[in-house]
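Each chain, written out:
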Amino acid sequence: VQRILDHSRRHGRSTRAVAEEFLNRRWPDLVRWHRWLAHARDPKETGRITLYHGWESGMDNSPRWDRAYANVVPGTDLPPYRRADTSIISDPTQRPSDREYDRYLWLVEQMRRANYDDFQLTSVMSFAVEDVFVSAIFALACEVLADIGEEYKQPHADVRELHGWADRFRKGVVATTDERTGAAKDYDVRLQRWISTETLAMFAPLISGGLPRHAERALLNTFEGPRFCGHPDLRYALPPSTSPVAKDFRSREYWRGPVWPVMSWLFSWAFARRGWAERSYMLRAEGLRQASDGSFAEYYEPFTGAPLGSMQQSWTAASVLDWLG
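Just so it is clear, the structure is predicted and the values come from calculations on it, not from any experiment.

A. How the structure looks around the packing of helix H12 (residues 277-291) against helix H13 (residues 314-324). Closest axis-to-axis distance for the H12/H13 pair is 10 Å, and the angle between their directions is 130°. Taken together, the axes of H12 and H13 lie oblique to each other. Read as a crossing pair, H12 and H13 show a hand that is left-handed. Residues Leu-283, Arg-284, Gly-287, Leu-288 and Ala-291 of H12 lie in contact with H13, whose contacting residues are Val-320, Trp-323 and Leu-324. The residue makeup of the contact of H12 with H13, split by class, is 6 nonpolar, 1 polar and 1 charged.

B. Region of the structure containing the sheet that holds strand S4 (residues 193-195). In space, the 4 strands of this open sheet follow the order S1-S2-S3-S4, with antiparallel pairing throughout. Only two strands of the sheet have a single neighbouring strand rather than two, namely strand S1 (49-51) and S4. On average, adjacent strands in this sheet sit at an angle of 35° to one another, irrespective of strand direction. With 3 bridges joining them, strand S3 (residues 186-188) and S4 adopt antiparallel strand pairing. For Asp-186, the partnering residue across the bridge sits in S4 and is Ile-195.

C. Representation of the packing of aromatic side chains within the structure. As enumerated under the stated definition, the model contains 23 aromatic pairs in all. Judged by centre distance (5.3 Å) and plane angle (65°), the ring pair of Tyr-254 and Trp-260 falls under edge-to-face. Trp-260 carries the same exposure label as Tyr-254, and that label is buried. An angle of 65° between the planes, with centres 5.2 Å apart, marks the rings of Phe-271 and Trp-276 as edge-to-face.

D. Just unusual backbone geometry, in detail. Residues other than glycine seldom take positive phi values, yet Asn-115 does so here, at roughly 55°. Position of Asn-115 relative to the elements: it lies in the loop between helix H5 (98-113) and helix H6 (118-124).

E. Geometry of the nonpolar core. Of all hydrophobic cores here, the largest spans 83 residues; its most connected members are Phe-133, Phe-203, Met-263 and Phe-267. Broken down by element, this core gets its largest block of residues, 12 residues, from helix H7 (residues 132-151). In this structure Phe-267 touches Phe-133, Leu-200, Phe-203, Ile-207, Phe-223 and Leu-283, once residues within four positions along its chain are discounted.

F. Here's a closer look at helix H2 (residues 12-40). Taking 1.5 Å per residue, 29 residues should reach 42 Å; H2 reaches 40 Å between its end C-alpha atoms and fits that length. Burial in H2 covers these residues: Ala-19, Leu-23, Trp-27, Leu-30, Val-31, His-34, Leu-37, Ala-38 and Ala-40. Looking at the packing, one finds that the buried side of H2 touches helix H1 (2-9), S1, H6, H7 and helix H8 (156-174).

Conventions and cut-offs
- Residues numbered from 1 in each chain as written.
- Predicted model: local features only at pLDDT ≥ 70, side-chain atom pairs only at ≥ 80, totals over all residues.
- Heavy atoms only, no water.
- Axes fitted to C-alpha atoms, helices over the stretch in contact; angles between N-to-C directions.
- Helix = DSSP H or I, 4+ residues; strand = E, 2+ residues; numbered from the N terminus.
- Parallel < 35°, antiparallel > 145°, perpendicular 65-115°, else oblique.
- Left-handed = near helix turned anticlockwise from the far one by under 90°.
- Contact = heavy atoms within 4.5 Å.
- Nonpolar A, V, L, I, M, F, W, Y, C, P; charged D, E, K, R; others polar.
- Pairing = 2+ DSSP bridges.
- Phe/Tyr/Trp six-rings, centres within 6.5 Å; stacked < 30°, edge-to-face > 60°.
- Buried < 20%, exposed > 50% of the residue type's maximum accessible area, 1.4 Å probe, protein only.
- Core = buried A, V, L, I, M, F, W, Y, C linked by side-chain atoms within 4.5 Å.
- Expected span 1.5 Å × (residues − 1).

Spelled out as C-alpha cells, the structure:
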C-alpha cells in the first residue's frame, strides 16, 4: 500500500486521487486483517504470531520446521491428493518429498475439520509454532500502516491500535534473541521449546528493529559475514535461505538453501527504511545482477546462480520492478 501511494505521488493529481480512493476504500479491511492476526494468532499477547502450518510462513520446508513437522502424524483417512508442483518442476532435488506433503495436507485437513475456527485450532492442530520472522514482518507492517493512517488522516483509534501492535510485536521478537549475537528464535508451542536454526529467521530483528546496539551490530556482522551474504563461494552477495555452513543446508532444495529474490528485496527495503542506505543499495545491486539473466526464477542456486523452481515468477518480477523504480 505504501508503494502504491509513493508511486502515485510521482504521477500527477488524477493518479494520486485513484490511489487515495483505494486507500480509503480498503482501510477498514486492512485494519481488520491486522486486528485478526494480533488477536486470533497471539491470544496470550506474547508479541509473536502462532502458525498452524509451515505454509503460513511462506517458508514451506525450512529447517525451522523440521522438529515441529516430525510431530505431525498423518491419519489413515488422509484424503487422496495429486501434487501440482511436481508437474511444473520435475527435479525432485528442488521440492519437498511426498512424505513431507502428506504432513502438509494432513495439517490442512485438521484445519478443515475444525472449520478453521480460531479457538479450536489452538487445541487440535499438531503443528503450532510462534514464528519470529512473520512476527517481525507484522510489527513492521503495523508501523507502516500506522504511518499511512497518520499521513492520510485515517481514524485515530485505528492508528493508535496499529502503533500498539507494532510495539508489542517488536518487543516479542526481541524477547527471543540471544543477548550476545542478536539472533532470533522461533518457539514450538507443542514441544514447549525454542527453535534455533541458521536460517533467515534469525535476522528477524533487522526487519522489526528494537535490538540493543551491540546485538544489532553483531547480527549485521553475521548477515554480511561468511555464514550468509559474505560466504566466499556465493555467486551473488545475497542472503541464502539457510546458511551454507549449516548441517541442514541443501543448495537446490526450496527453503533449505536457495536464494529467494523476494527475501533479498525485503531486507533491502527494510534496511532502506532503517536508514542503512549503503547496505540496502548493495542488496539491490546484487539482486539486479542476479535477475539480469531474464529468467525471473522463483529461487536461485546460491553457488552457481542457476535459476530454480518455476520461471517468470510475478513476485520476482515485482521485486525487480520495485528496485528499478
